[in-house]
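Structural features, examined
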Amino acid sequence: MATRARRTERREEPLSRERIVEAAIGILDAVGEGGLTFRVLAERLATGPGAIYWHVSGKEELLGAATEVVVTATVLGGAGGASPQEVIRDLALRLFDAIDAHPWIGGQLARSPGQSPTLQVFERLGRQVQALGVPRPARFTAASTLLSYILGVAGQNAANAHGQESEKDRTEFLDGVSAAWANLDPDAYPFTRDVAEQLRDHDDRAEFLAGIDLVLAGIAASHAG
């Protein structure tokens, strides 16, 4: 009886685009893009698929709306009054954490460069590149490089992290790869052998931010003087 009462109460809640998108985000976080169907969504919302189609035209629109909700909160939540470098670092880390929490976002952003969520990030990065004094002909390249690095590394990190069930799994994986690197042919792989121990002990978030700093240093050096 209690279960039936809860379902009745949920059906009585007004169905809105916002509720649909919120429920979709929960499904995406739990089972990924492949698990998001209108049947599953209708069950979660205690309604029929037809009622959902009244608010969204299909899965692609729903994925775009879900991505926009998360990305908009990430972009608008950035630090104000900071230097361009600090704004870029802050935005990069926010996106890194958002993609880690919602792994499906990385693929959506990479596949939809002309859509609003990706454009929001690109615009935010571009304004900071401009504030850094990068000459106009080089601004597109600088902003695009930052965007590609952020989406590529954050997306790969999320894929790796969610492919492991725990921190113990990650540690065991890195221990195994590090040991394999350390035992490579020293003539064929001298560099890889040399950094094997660094692979074992590295922090993904810190390495990501160090990469952002390298890109920023390269931008600064390319246009110094």
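What this report covers is the structure whose coordinates are included nearby.

The next thing to look at is the overall build of the protein. Counting its regular elements, the protein contains 13 helices and 0 strands. Its helices and strands in sequence order give the protein the pattern α-α-α-α-α-α-α-α-α-α-α-α-α, from N to C terminus. Excluding contacts between residues fewer than 6 apart, the proportion of contacts in the protein whose partners are at least 24 apart in sequence is 66%. Accessible surface for the protein amounts to roughly 12,900 Å². Of this, 54% is attributable to carbon and sulfur atoms.

Next up on the list: helix H3 (residues 38-45). Every buried residue belonging to H3 is among Phe38, Leu41, Ala42 and Leu45, and all of these are buried. All buried residues of H3 fall inside an arc of 100° around its axis, so they share one side. Among the exposed residues of H3, those pointing more than 90 degrees away from its buried face are Arg39 and Glu43.

Viewed as axis vectors pointing N to C, helix H5 (residues 59-76) and helix H8 (residues 116-131) meet at an angle of 20°, and their least axial separation amounts to 8 Å. As summarised for this structure, H5 and H8 are arranged roughly parallel, according to the angle between their axes. Here Gly64, Thr67, Glu68, Val71, Thr72 and Val75 of H5 lie close against H8, whose contacting residues are Ser116, Pro117, Gln120, Val121 and Arg124. Class assignment of the residues belonging to the contact of H5 with H8 gives a composition of 4 nonpolar, 5 polar and 2 charged.

This part covers the pattern of salt bridges. For the structure shown, the criterion picks out 9 salt bridges. Between Arg17 and Glu61 there is a salt bridge, with the nearest N and O atoms lying 2.8 Å from each other. Of this pair, Arg17 sits in helix H2 (residues 17-31) while Glu61 is found in helix H5, placing the two residues 44 residues apart along the sequence. In this structure Glu61 comes out as partly exposed when scored by relative accessible area, which is 29%. Residues Asp213 and Arg89 are paired through a salt bridge, measuring 2.8 Å at the closest nitrogen-oxygen approach. With Asp213 in helix H13 (residues 204-222) and Arg89 in helix H6 (residues 84-101), this residue pair connects regions lying 124 residues apart in the sequence. Among the residues examined, Arg89 registers a relative accessible area of 30% and is labelled partly exposed. Linked by salt bridges that have partners in common, Asp175, Glu197 and Arg200 make up one network.

With respect to the helices, strands and loops of the structure, Thr74 is situated in helix H5. What makes Thr74 buried here is its relative accessible area of 8%. Dropping the residues within four chain positions of it, Thr74 is found in contact with Arg94, Leu95 and Ala98.

This brings us to the packing of aromatic side chains. Following the criterion strictly, the structure yields 4 aromatic pairs and no others. Residues Phe122 and Phe140 carry aromatic rings whose centres are separated by 6.2 Å and whose planes lie at 70° to one another, so their mutual orientation is edge-to-face. Of this pair, Phe122 sits in helix H8 while Phe140 sits in helix H9 (residues 136-162); the two residues are 18 residues apart in sequence, bridging distant segments of the chain. Phe122 gets classed as partly exposed once you look at its relative accessible area, which sits at 26%.

Membership of the largest hydrophobic core comes to 51 residues, with the highest contact counts inside it found for Leu41, Ile52, Leu62, Leu125, Leu146 and Ile212. Per-element tally for this core: the top contributor is H9, with 9 residues. Ignoring sequence-local partners within four residues, the contact set of Ile52 consists of Leu15, Ile20, Phe38, Leu41, Ala42, Leu45 and Thr47.

Take unusual backbone geometry next. Despite not being glycine, Ala46 has its phi angle at roughly 55°, a positive value. Among the secondary structure elements, Ala46 is positioned in the loop between H3 and helix H4 (49-53). Take Ala46: its relative accessible area is 19%, and that puts it in the buried class.

Conventions adopted
Residues numbered from 1 in each chain as written. Predicted model: local features only at pLDDT ≥ 70, side-chain atom pairs only at ≥ 80, totals over all residues. Heavy atoms only, no water. Helix = DSSP H or I, 4+ residues; strand = E, 2+ residues; numbered from the N terminus. Contact = heavy atoms within 4.5 Å. Areas by Shrake-Rupley, 256 points an atom, 1.4 Å probe, with all protein chains shown as cover. Buried < 20%, exposed > 50% of the residue type's maximum accessible area, 1.4 Å probe, protein only. Arc of directions from axis to C-beta. Axes fitted to C-alpha atoms, helices over the stretch in contact; angles between N-to-C directions. Parallel < 35°, antiparallel > 145°, perpendicular 65-115°, else oblique. Nonpolar A, V, L, I, M, F, W, Y, C, P; charged D, E, K, R; others polar. Salt bridge = Lys/Arg side-chain N within 4 Å of Asp/Glu carboxyl O. Phe/Tyr/Trp six-rings, centres within 6.5 Å; stacked < 30°, edge-to-face > 60°. Core = buried A, V, L, I, M, F, W, Y, C linked by side-chain atoms within 4.5 Å.

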